[in-house]
Amino acid sequence: MSNIALILGGGTGSRTRQDIPKQFLTVNDRPVIIYTLEIFQNHPEVDAIAVVCLEGWENVLQAYAKQFNISKLKFIVTGGENRQASSRIGLFELEKIFSPEDIVLIHDGNRPLTSAKIISDCIATTKKFGCACAAIPCADVMMETEDGLISAAQYPRDKLRVGQTPRGFFLEKVCEIHRRALKAGITDSIGSHTLMLEFGEPIYLYSGSQKNFKITTTEDIEIFKALLNVEKPAWLK
């Protein structure tokens, strides 16, 4: 059984207000996506890495992977029009090469501070239950609103979890879910895990981390820089 990391790096990064996509922004002489790839590169249970890349950036990614010795990177495919399409494209490419019972770990390319423990827990949870999603408790009050201005109700936060990546699946199962979605006309779901929920399939949660956040804004970039200054990844020490 193989464990394959499928890194989603097809976003344009419009919320960072930068000309360069957020996953290719350089922080301390390294692109954000390289920090992400290095975590999977250095994990002993990860056998191969595939990246769904933003169109036009494939050669840039290949050059960075060579520069930073990401030897497990075996496949780079061009992404689609949205996250669901990019995931489907990457998964269907993996399906051509790997076995149905292999595990695929879907992870955001702009989530560069996941940990070896989170990856290990994702693999273990997937092996046990067939799927896995990192999640953390919801620390803030969740208020319901119709117009974004007025709230008259709140949702109990003890019943809520904030989903993160990586999310683990058996390759055959997640490809089947994407085919069912296409047949049902579902084309813009948030992720493979939400597709499973839409078809009544349970998702099994394991513990993520507050540090395992996704870079989507300029403020997130500053937080990432600050965390790197405090706690460098092991391979940078």
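J.: An account of helix α2 (residues 58-67) is requested, with residue identities and associated values reported.
T.: Restricting attention to buried positions, one finds in α2 the residues Glu58, Leu61 and Ala65. Down the axis of α2, the buried set is contained in an arc of 60 degrees. They therefore lie on one face. Exposed positions of α2 whose direction lies more than 90 degrees from the buried face are Asn59, Lys66 and Gln67. Of the surrounding secondary structure, the elements contacted by the buried residues of α2 are α1 (32-41), β4 (48-53) and β5 (73-78). Downstream of α2 by a residue or two, Asn69 has a phi angle that is positive, lying close to 60 degrees.

J.: Break down the nonpolar core for me, citing the residues and quoting the values.
T.: Core analysis: the largest hydrophobic core is formed by 26 residues, its most contacted members being Leu37, Phe40, Ile49, Val51, Ile70 and Leu105. Elements that contribute at least two residues to this core include exactly β1 (3-9), α1, β4, α2, β6 (103-108), α4 (116-129) and β7 (131-137). By residue number, the principal contributor to this core is α1, which donates 5 residues. Other than its neighbours up to four places away in sequence, Val51 contacts Ile7, Ile33, Leu37, Leu61, Leu73, Phe75, Ile76 and Val77. Membership of the second largest hydrophobic core comes to 24 residues, among which are Leu8, Val52, Val104 and Ile203.

J.: How would you explain the pattern of salt bridges if you had to name every residue and give the values?
T.: On inspection of all chains with the given rule, the structure shows 10 salt bridges. Across the pair Arg179 and Glu95 runs a salt bridge, and its minimum N-O distance is 2.6 Å. With Arg179 in helix α5 (residues 171-184) and Glu95 in helix α3 (residues 83-95), this residue pair connects regions lying 84 residues apart in the sequence. For Arg179, a relative accessible area of 41% corresponds to the partly exposed category. Glu201 is paired through a salt bridge with Lys173; the nearest N and O atoms lie 3.0 Å apart. Taken together, the positions of Glu201 in the loop between α6 (192-198) and β11 (205-207) and Lys173 in helix α5 put the pair 28 residues apart, joining distant regions of the chain. Exposure remark for Glu201: the relative accessible area of 21% places this residue in the partly exposed category.

J.: Please give an account of the sheet that holds β11 that cites residues and values.
T.: Pairing within the open sheet is mixed, and its 7 strands lie in the order β5-β4-β1-β6-β10-β7-β11. Here the strands that pair on one side only, and so sit at the sheet edges, are β5 and β11. Strand after strand, the sheet turns through a mean of 25 degrees between neighbouring axes, direction not considered. Of the strand pairs in this sheet, β7 and β11 are connected by 3 bridges, and their pairing is parallel. The residue of β11 that forms the bridge with Cys133 is Leu205.

J.: With reference to specific residues and values, describe the packing of α3 against α5.
T.: The contact between α3 and α5 brings their axes to 10 Å, and the two run at 135 degrees. Classified by the interaxial angle, the pair formed by α3 and α5 is oblique. Of the two elements, α3 crosses α5, and the hand of that crossing is left-handed. Along the contact surface, α3 presents Gln84, Ser87, Arg88, Leu91, Phe92, Leu94 and Glu95, while α5 presents Leu171, Val174, Cys175, His178, Arg179, Ala181 and Leu182.

J.: Account for the pairing of strand β9 (residues 151-155), naming residues and giving values.
T.: Alignment of strand β8 (residues 142-145) against β9, held across 4 bridges, turns out to be antiparallel. Bridge pairing links Thr145 to Ser151 in β9. Hairpin remark: β8 followed by β9, antiparallel, with 5 residues in the connecting loop; positive phi at Gly148, about 80 degrees.

J.: Before we move on, could you go through the pairing of strand β10 (residues 161-170) and cite the residues and values that matter?
T.: As paired elements, β6 and β10 share 4 bridges and run antiparallel to each other. When the sheet's bridge partners are listed, Ile103 is paired in β10 with Phe170. The pairing of β7 with β10 spans 6 bridges and is antiparallel. Across the sheet, residue Ala132 finds its bridge partner in β10, namely Gly168.

Thresholds applied
- Residues numbered from 1 in each chain as written.
- Predicted model: local features only at pLDDT ≥ 70, side-chain atom pairs only at ≥ 80, totals over all residues.
- Heavy atoms only, no water.
- Buried < 20%, exposed > 50% of the residue type's maximum accessible area, 1.4 Å probe, protein only.
- Helix = DSSP H or I, 4+ residues; strand = E, 2+ residues; numbered from the N terminus.
- Arc of directions from axis to C-beta.
- Contact = heavy atoms within 4.5 Å.
- Core = buried A, V, L, I, M, F, W, Y, C linked by side-chain atoms within 4.5 Å.
- Salt bridge = Lys/Arg side-chain N within 4 Å of Asp/Glu carboxyl O.
- Pairing = 2+ DSSP bridges.
- Axes fitted to C-alpha atoms, helices over the stretch in contact; angles between N-to-C directions.
- Parallel < 35°, antiparallel > 145°, perpendicular 65-115°, else oblique.
- Left-handed = near helix turned anticlockwise from the far one by under 90°.

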